[in-house]
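Observations on the three-dimensional arrangement
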Amino acid sequence: MRAPLSWLKEHAEIPDSFSSTEIADAFIRVGFEVEEIIYQGRDLTGPLVIGQVISIEEIADSKKPIRFVGLDCGEGATRFVICGATNFLVGDLVVVALPGAILPGNFAISARQTYGKTSDGMICSSRELALSEEHSGIIVVQHGEAKIGDDATQTLDINDVIFDISINPDRGYALSIRGLAREIAAALNVAFIDPADSPAKLKFVDTGKGVKPVLKAGATQFYLRTLGDFNPKAVTPLWLARRIEKMGMRPISLAVDITNYVMLELGQPLHAFDAEKISGDLSIGHIKNPQKFTTLDGQIRDLDSEDLVVMDDKHPLALAGTMGGQDSQIRESTTSIVIEAACFDPTAIARNSRKHKISSEASRRFERSVDPLMAQLASGRCAQLLIEFGGARHIQTLDTGAAISTSSVKIDPTYIACTLGVDVAPQEIRRILTVMGCNVSPDFVITPPSWRADLNQPADFAEEVARMIGYESIPSILPPRPKQASLTPFQKRRRVFAASLAAQGLSEIQTFPFTNDSIIASMGYSGERASTYRLANPMSEEFPVLRTHLLPGLAAVAQRNIGRGAKDIAIFEIGSIFRNSQALSPAISPATDRKPSEKELENIFKSVPQQHLHLGALLAGKIEGESWRGKARSFDLYDAIAHVERLLELSNLSWLQERSDFAPWHPGRCVEFIVEGKAVAHAGELHPRVVAQFSLPARAVAFVINLDALPVAPIVRAQSVAPMPPAIQDVALIVDSAVRARDVENALREGAGALLESITLFDRYEKLADGKISLAFTLVFRSPDRTLTGDEISAMREAATHRALVVCGAVVRTA
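In this report, the structure presented in the accompanying data block is examined.

Calculation rules
- Residues numbered from 1 in each chain as written.
- Predicted model: local features only at pLDDT ≥ 70, side-chain atom pairs only at ≥ 80, totals over all residues.
- Heavy atoms only, no water.
- Helix = DSSP H or I, 4+ residues; strand = E, 2+ residues; numbered from the N terminus.
- Pairing = 2+ DSSP bridges.
- Axes fitted to C-alpha atoms, helices over the stretch in contact; angles between N-to-C directions.
- Parallel < 35°, antiparallel > 145°, perpendicular 65-115°, else oblique.
- Contact = heavy atoms within 4.5 Å.
- Nonpolar A, V, L, I, M, F, W, Y, C, P; charged D, E, K, R; others polar.
- Buried < 20%, exposed > 50% of the residue type's maximum accessible area, 1.4 Å probe, protein only.
- Patch = residues over 30% accessible without salt bridge, like charges linked within 9 Å, V, L, I, M, F, W, Y side chains within 5 Å.
- Areas by Shrake-Rupley, 256 points an atom, 1.4 Å probe, with all protein chains shown as cover.
- Salt bridge = Lys/Arg side-chain N within 4 Å of Asp/Glu carboxyl O.
- Core = buried A, V, L, I, M, F, W, Y, C linked by side-chain atoms within 4.5 Å.
- 1 Å grid on protein atoms, 1.4 Å probe; cavity = no way out; pocket = protein on both sides within 12 Å on 5 of 7 lines; lining within 4 Å.
- Points joined across faces, edges and corners; volume = space filled by probe spheres on them.
- Polar contact = N/O pair within 3.5 Å; in protein donor to acceptor, adjacent residues only side chain to side chain.
- Expected span 1.5 Å × (residues − 1).
- Phe/Tyr/Trp six-rings, centres within 6.5 Å; stacked < 30°, edge-to-face > 60°.

Details of unusual backbone geometry
Residue Pro664 is bonded to the preceding Ala663 through a cis peptide linkage, with omega at 10 degrees. Within the element layout of this structure, Pro664 appears in the loop between strand S35 (656-660) and strand S36 (665-675). A positive phi angle is found at Asp157, which is not glycine, with a value near 50 degrees.

So, in structure tokens, the structure goes:
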């Protein structure tokens with residue numbers, strides 16, 4: 001939103017002593033971002049005058065139109081210049097840069113020989129003077145707005161400061177000179193003159209029957225002002241056109257320029273219809289049957305029942321609050337005009353804008369909400385200007401609906417001081433809120449102004465006071481902290497896990513927690529693992545639900561990177577998953593002036609989904625490349641298992657391993673880790689279906705740990721140093737291939753007795769006949785107080801293998 005200082009000063013009595021930088025700082029202080037300060041006219045020097053065209057000679061033998069123009073610049077002699085523009089006639093007033101002038105871009109004007117003629121100056125366009133991007137022709141000034149020889153810099157009001165201000169979505173009222181002037185007046189503590197006061201006093205006499213407004217849906221108020229006898233040849237006054245240009249818009253025609261000017265001045269978008277193109281009444285609502293509609297930009301749009309439109313008795317005439325239609329636009333022959341002003345539903349206009357990919361000046365304002373009282377005042381202001389400059393006659397004004405008023409809020413002045421952490425006197429609070437347009441009663445019942453529907457609770461008024469007194473006046477005091485700040489055990493564990501995996505060569509990623517039903521089904525999830533929450537307003541319709549697992553996101557990232565040339569993938573993510581395992585309570589909004597009670601906290605947590613913190617990783621491709629040291633090796637399920645074991649060891653936890661058929665892992669190639677009787681992790685090969693779905697390398701592996709399920713264990717688990725030597729025994733046992741190594745290990749441990757210190761599986765040989773395999777274990781025996789004898793060691797070894805024979809059918813391998 002651009003705001004010329006000259007226009008702001010008409011409504012905010014800003015002293016000349018304030019510099020442009022100080023004014024920009026004031027805007028920033030009250031919450032606006034000044035993106036740029038444009039000093040229009042600063043790089044324009046030298047003589048720039050108004051001249052009259054007295055002769056035009058067309059130069060022949062040129063590929064493009066070239067004119068040798070004679071000008072009367074009030075110098076007593078004719079000045080001749082070469083000009084390529086054709087949008088002027090003899091007798092027109094134009095802007096002439098005389099030799100010695102320097103135009104923007106350091107373009108110096110001097111007398112030059114060209115086309116066999118001497119060009120003694122230049123006739124200027126708006127772009128050449130850096131007034132706008134318009135370059136279709138030179139500037140033509142209407143008679144009566146300037147005289148020959150006048151200083152064009154003053155005539156065109158070139159020297160000005162323009163602030164380019166970014167407006168937040170919750171401050172739609174500031175998309176107007178009225179709103180910005182009020183803000184800067186409050187920030188600088190100067191008087192504000194409301195431009196809406198004059199339109200409020202306007203009275204119009206009906207001279208006939210106008211078009212009737214009908215409100216069916218999508219708006220709360222609808223005004224139509226019908227005007228006749230409009231002069232279609234009337235030209236936009238120079239001052240009005242220049243203000244539109246300074247605001248970054250292009251003058252088009254008097255009727256269109258006036259609607260744009262009023263929108264920029266008061267913040268209420270308007271639309272002008274050719275009354276001759278309207279059949280019957282004009283209504284706001286939805287069409288019943290889909291149809292084609294051509295908008296002002298010449299694009300053919302497909303309309304359906306979801307679109308909010310302005311229509312007559314036959315067909316739509318405008319996409320409501322967004323863009324008008326080509327059939328009913330103001331033309332060069334239009335003499336009867338209908339001015340439409342409405343207070344549209346912001347959601348309906350946002351839907352129109354996004355569906356049809358139209359972001360217009362009107363839609364940007366309606367999406368942010370407009371002042372509901374402006375429909376009447378802005379349409380009246382527009383009619384006044386059309387009557388004054390276009391010779392129009394008021395026929396009739398009709399309206400339907402009513403403006404929605406804001407609700408009053410009672411606050412305690414001490415609440416504001418307590419919230420801000422700084423003493424603010426009640427008188428100062430009253431003054432600030434009054435300047436912002438609020439009505440403050442003696443007992444501090446506050447009625448927000450019509451344009452501030454966002455002020456509806458005490459915290460909102462505290463924010464307004466904070467903006468006006470300046471955030472820099474609020475002291476920065478650190479909250480009290482514990483004498484020794486520390487991370488929780490769970491936070492420490494999360495950091496240790498992430499650092500460990502990164503040290504092992506894995507890259508940490510972070511994905512959006514969104515997915516869709518088809519991905520959940522394709523991964524093989526069922527029951528609670530497939531039950532999730534659907535988003536009310538998803539970022540993308542492609543991913544409308546919350547994720548129930550980390551692996552789909554990891555697989556998608558791997559697929560994307562493989563598609564871009566990556567061959568080997570080792571990635572992990574720590575994030576929340578969501579399971580719809582319990583009914584949610586209705587959401588509550590607790591008071592912000594005190595800490596919620598235990599009951600309130602309980603209800604808050606009942607109103608949000610459970611979020612389990614998981615760690616997931618995906619390994620695909622090669623872990624080691626082929627080299628002179630050996631052949632390449634791909635990731636396998638034992639790498640995934642080893643990562644889980646390493647992380648559980650870092651947590652000082654003991655675990656058991658069980659075979660699992662958990663989706664989306666390959667059946668029989670997945671290991672479940674059990675800690676204190678609860679499954680806490682899974683690791684193994686991904687199902688071939690999942691590998692194919694995401695185009696991953698064959699036999700890709702993954703693991704997932706439920707961090708919330710891991711119990712807290714001591715950071716350090718000390719072990720005693722044994723003073724006696726160990727006795728190490730290796731045994732190789734032949735068992736059926738269906739027997740689990742874990743079962744054999746448990747049997748050996750049970751039979752070996754209390755002096756068994758550790759047992760480790762170090763070999764698995766599968767190339768035996770008749771469905772047999774060989775499992776080799778290392779058994780370590782140690783006594784805490786003596787050296788074991790050979791007989792004792794042999795006895796314990798025999799007892800262990802005998803127990804394995806009894807429980808698992810294991811036979812000692814002799815060769």
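Some details on the sheet that holds strand S25 (residues 409-410)
With antiparallel pairing, the three strands of this open sheet are ordered in space as S25-S27-S26. Two strands bound the open sheet, and with one partner strand each, they are S25 and strand S26 (439-440). With two bridges joining them, S25 and strand S27 (residues 445-447) adopt antiparallel strand pairing. In the strand pairing of S27, Val409 is matched with Ile446.

Focus: the packing of helix H2 (residues 20-29) against helix H4 (residues 177-188)
In the contact formed by H2 and H4, the axes pass within 9 Å of each other and the chain directions differ by 100 degrees. Considered as vectors, H2 and H4 are oriented roughly perpendicular to each other. Listed contacts from H4 to Ile23, Ala26, Phe27 and Arg29 of H2 are Leu180, Ile184, Ala187 and Leu188. By residue class, the composition of the contact of H2 with H4 is seven nonpolar, no polar and one charged.

Examining the pairing of strand S16 (residues 271-274)
Burial of the side chains of S16 extends over both faces: His271 and Phe273 are buried on one face and Ala272 and Asp274 on the other. Sheet topology places S16 next to strand S23 (residues 337-344); four bridges connect them, and they run antiparallel. Bridge pairing in S23 links His271 to Glu340.

Re a nonpolar patch on the surface
A grouping of Leu805, Val806, Val807 and Val811 is seen on the molecular surface, where their side chains present a nonpolar patch of about 330 Å² in accessible area. Within the secondary structure, Val807 is located in helix H21 (residues 790-808).

Some details on helix H6 (residues 238-246)
Burial analysis of H6 places eight of its nine residues in the buried class, the great majority of the element. Inspection of H6 places Leu238, Leu240, Ala241, Arg242, Arg243, Ile244, Glu245 and Lys246 among the buried residues, and these make up the whole buried set. Note on H6: the residue one or two positions beyond its end, Gly248, has a positive phi of about 90 degrees.

Brief notes about the nonpolar core
Core analysis: the biggest nonpolar cluster contains 84 residues, and Phe27, Phe163, Leu180, Val262 and Leu386 have the highest contact counts within it. Setting aside anything within four residues of it in sequence, one finds Phe163 in contact with Met1, Arg2, Ala3, Leu5, Leu8, Ser20, Ile23, Ala24, Val34, Glu36 and Ile37. Within the second largest apolar cluster, 33 residues are counted, among which are Phe572, Ile574, Leu648 and Val675.

Brief notes about empty space enclosed by the protein
Applying the stated criterion across every chain yields a total of one cavity of 30 Å³ or more. The calculated volume of the largest cavity comes to roughly 120 Å³. In this structure, the largest cavity is lined by 14 residues; those nearest its centre are Tyr173, Ser176, Arg178, Leu266 and Trp451. Tallied by class, residues from the lining of the largest cavity come to five nonpolar, six polar and three charged.

As for the pattern of salt bridges
Taken as a whole and judged by the stated rule, the model has 47 salt bridges. The shortest N-O distance in the salt bridge between Glu464 and Arg171 comes to 3.6 Å. Of this pair, Glu464 sits in helix H13 (residues 458-469) while Arg171 sits in the loop between strand S13 (160-166) and H4, placing them 293 residues apart in sequence. The exposure class assigned to Arg171 is buried, which follows from its relative accessible area of 4%. Overlapping salt bridges, with partners in common, bring together Arg171, Glu183, Arg452, Asp454, Glu463, Glu464 and Arg467 in one network.

Quick word on the environment of Ser132
Position of Ser132 relative to the elements: it lies in the loop between strand S11 (122-123) and strand S12 (140-141). Overall, the relative accessible area of 16% leaves Ser132 in the buried class. Taking C-alpha positions, Ser132 is 19 Å from Ser360, a pair spaced 228 residues apart along the chain. Not counting the four nearest positions on each side in its chain, Ser132 is found in contact with Ser126, Arg127 and Glu245. Here the side chain of Ser132 touches Glu134 through a polar contact of 3.2 Å, landing on its backbone nitrogen.

A few points about the side chain of His682
Mapped onto the elements of the fold, His682 is located in strand S37 (residues 678-686). The exposure class of His682 is buried, given its relative accessible area of 9%. Setting aside residues no more than four positions away along its own chain, His682 makes contact with Ser660, Phe662, Trp665, Cys670, Val671, Glu672, Ala702, Phe703 and Val704.

Quick notes on the sheet that holds strand S14 (residues 213-215)
The five strands lie next to each other as S14-S17-S20-S21-S22, forming an open sheet whose pairing is mixed. Only two strands of the sheet have a single neighbouring strand rather than two, namely S14 and strand S22 (323-324). Pairing of strand S21 (residues 316-319) with S22, which is carried by two bridges, proceeds in the antiparallel orientation. For Ala318, the partnering residue across the bridge sits in S22 and is Gly324.

A short note on helix H7 (residues 254-266)
Spanning 13 residues, H7 covers 18 Å between terminal C-alpha atoms, matching the ideal 18 Å at 1.5 Å per step. Of all 13 residues making up H7, 12 are buried, and the element is well covered by its neighbours. Of all the positions in H7, only Leu254, Ala255, Asp257, Ile258, Thr259, Asn260, Tyr261, Val262, Met263, Leu264, Glu265 and Leu266 are classed as buried. In the stretch just after H7, Gly267 is the one whose phi turns positive, near 90 degrees.

What to know about the packing of aromatic side chains
Evaluation of the coordinates by the stated rule reveals eight aromatic pairs. Relative to Phe80, the ring of Phe68 lies with its centre 5.1 Å away and its plane at 15 degrees, an arrangement referred to as stacked. Within this pair, whereas Phe68 is found in strand S4 (residues 67-72), its partner Phe80 is found in strand S5 (residues 78-83), the two being separated by 12 residues in sequence. With relative accessibility at 11%, the residue Phe68 sits in the buried group.

Observations regarding the side chain of Asn516
In this fold, Asn516 is placed in the loop between strand S29 (514-515) and helix H15 (517-522). A polar contact is formed between the side chain of Asn516 and the side chain of Ser518, at a distance of 2.6 Å. Sequence-distant contacts of Asn516, that is, excluding residues within four places in its chain, are made with Glu542, Phe543, Pro544 and Val545.

Looking at the pairing of strand S15 (residues 219-228)
Regular strands show a simple pattern: their side chains alternate between the two faces of the sheet. The buried count for S15 comes to nine of 10 residues, which makes it a mostly enclosed element. In terms of strand pairing, S15 meets strand S24 (residues 393-401) through eight bridges, oriented antiparallel. In the strand pairing of S24, Thr226 is matched with Gln396.

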